[in-house]
Amino acid sequence: MVRAGLSPERVTAAAADLADEVGFENVTLSALARHFGVKDASLYSHVRSLQDLRTRMAFLAGGELIDRIATAVAGRAGKDALAAFAGAYREFALEHPGRYAATQIRIDQSLAADSPELRRTAEITYGMLRAYGLEEPDLTDAVRLLRSTFHGYCALEASGGFGAPRDVRRSWDKAVDALHIALEHWPREGTHDDD
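The following paragraphs examine the structure supplied in this document. This structure is a prediction, so every number in the text was calculated from the model and none was measured.

Relative to the 24 Å expected for 17 residues at 1.5 Å per residue, helix 10 (residues 168-184) spans 24 Å between its end C-alpha atoms, a close match to the ideal helical length. All of the buried residues along helix 10 are Trp 172, Val 176, Leu 179, His 180 and Leu 183. End-on, the buried residues of helix 10 take up no more than an arc of 100 degrees, which puts them together on one face. Relative to its buried face, helix 10 has exposed residues pointing more than 90 degrees away, namely Arg 170 and Lys 174. Of the surrounding secondary structure, the elements contacted by the buried residues of helix 10 are helix 5 (78-95), helix 8 (116-130) and helix 9 (138-158).

Here it is in structure tokens:
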């Protein structure tokens, strides 16, 4: 509850911690002000609005997530890289639910373009997929497949949506195996006979 030394970075980190505790949607400027022992208005010299705070949280959490993924995939390629990428993604989503939720918000494109975290995420993700021989526009389609599969699975797992007795980790591993097969046999753009 120390008020001295507030900064945009410190406020954002506290908000991310709070999101992991109470949920991303429940983070408010009032709750943060109480945490720091200051009035709500005091935070406006560090963040412009709740939306600004959420965007900062998204960049912070996105950077943490891609750092974890980068460490996991370093020196790997193909199926090993995909499995490491997927595992790091899932662990982060389950260990840091509030931060993970922050990574899923829509970011204003003018801000996204200047984000080193988003650039690094794209570089690592697209780099992993290029090992499968994919090029645009197939790369974008493959990224969307991975993101929707990983996100959907993690969201269902976190909410207790898998009721069958089979171990969810085994199902996750099978899903990653299936994605690997799909990427190896990707229906590349321009290979279909449109005539």
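Right, let's get into the pattern of salt bridges. On inspection of all chains with the given rule, the structure shows 11 salt bridges. Salt-bridge contacts for Glu 157 lead to Arg 90; the nearest nitrogen and oxygen are separated by 2.8 Å. Here the residue Glu 157 occupies a position in helix 9, and Arg 90 occupies one in helix 5, the gap between them amounting to 67 residues. As far as burial versus exposure is concerned, Glu 157 and Arg 90 are alike and both buried. We note a salt bridge from Asp 173 to Arg 169, for which the minimum N-O separation is 3.1 Å. Taken together, the positions of Asp 173 and Arg 169, both in helix 10 and 4 residues apart, correspond to about one turn of that helix. Among the residues examined, Asp 173 registers a relative accessible area of 34% and is labelled partly exposed. The network of salt bridges with common partners includes Asp 17, Asp 20, Glu 64 and Arg 99.

Tallied over the entire structure, the rule returns 6 aromatic pairs. Plain terms: the ring middles of Phe 85 and Phe 150 are 6.1 Å apart, the flat faces sit at 35 degrees to each other, and that makes the pair tilted. On the criterion of sequence distance, the pair formed by Phe 85 in helix 5 and Phe 150 in helix 9 is long-range, its members being 65 residues apart. Taken individually, Phe 85 and Phe 150 each receive the classification buried, so the pair is uniform in this respect.

Conventions adopted
Residues numbered from 1 in each chain as written. Predicted model: local features only at pLDDT ≥ 70, side-chain atom pairs only at ≥ 80, totals over all residues. Heavy atoms only, no water. Helix = DSSP H or I, 4+ residues; strand = E, 2+ residues; numbered from the N terminus. Expected span 1.5 Å × (residues − 1). Buried < 20%, exposed > 50% of the residue type's maximum accessible area, 1.4 Å probe, protein only. Arc of directions from axis to C-beta. Contact = heavy atoms within 4.5 Å. Salt bridge = Lys/Arg side-chain N within 4 Å of Asp/Glu carboxyl O. Phe/Tyr/Trp six-rings, centres within 6.5 Å; stacked < 30°, edge-to-face > 60°.

These values are about where atoms sit, not about what they do.
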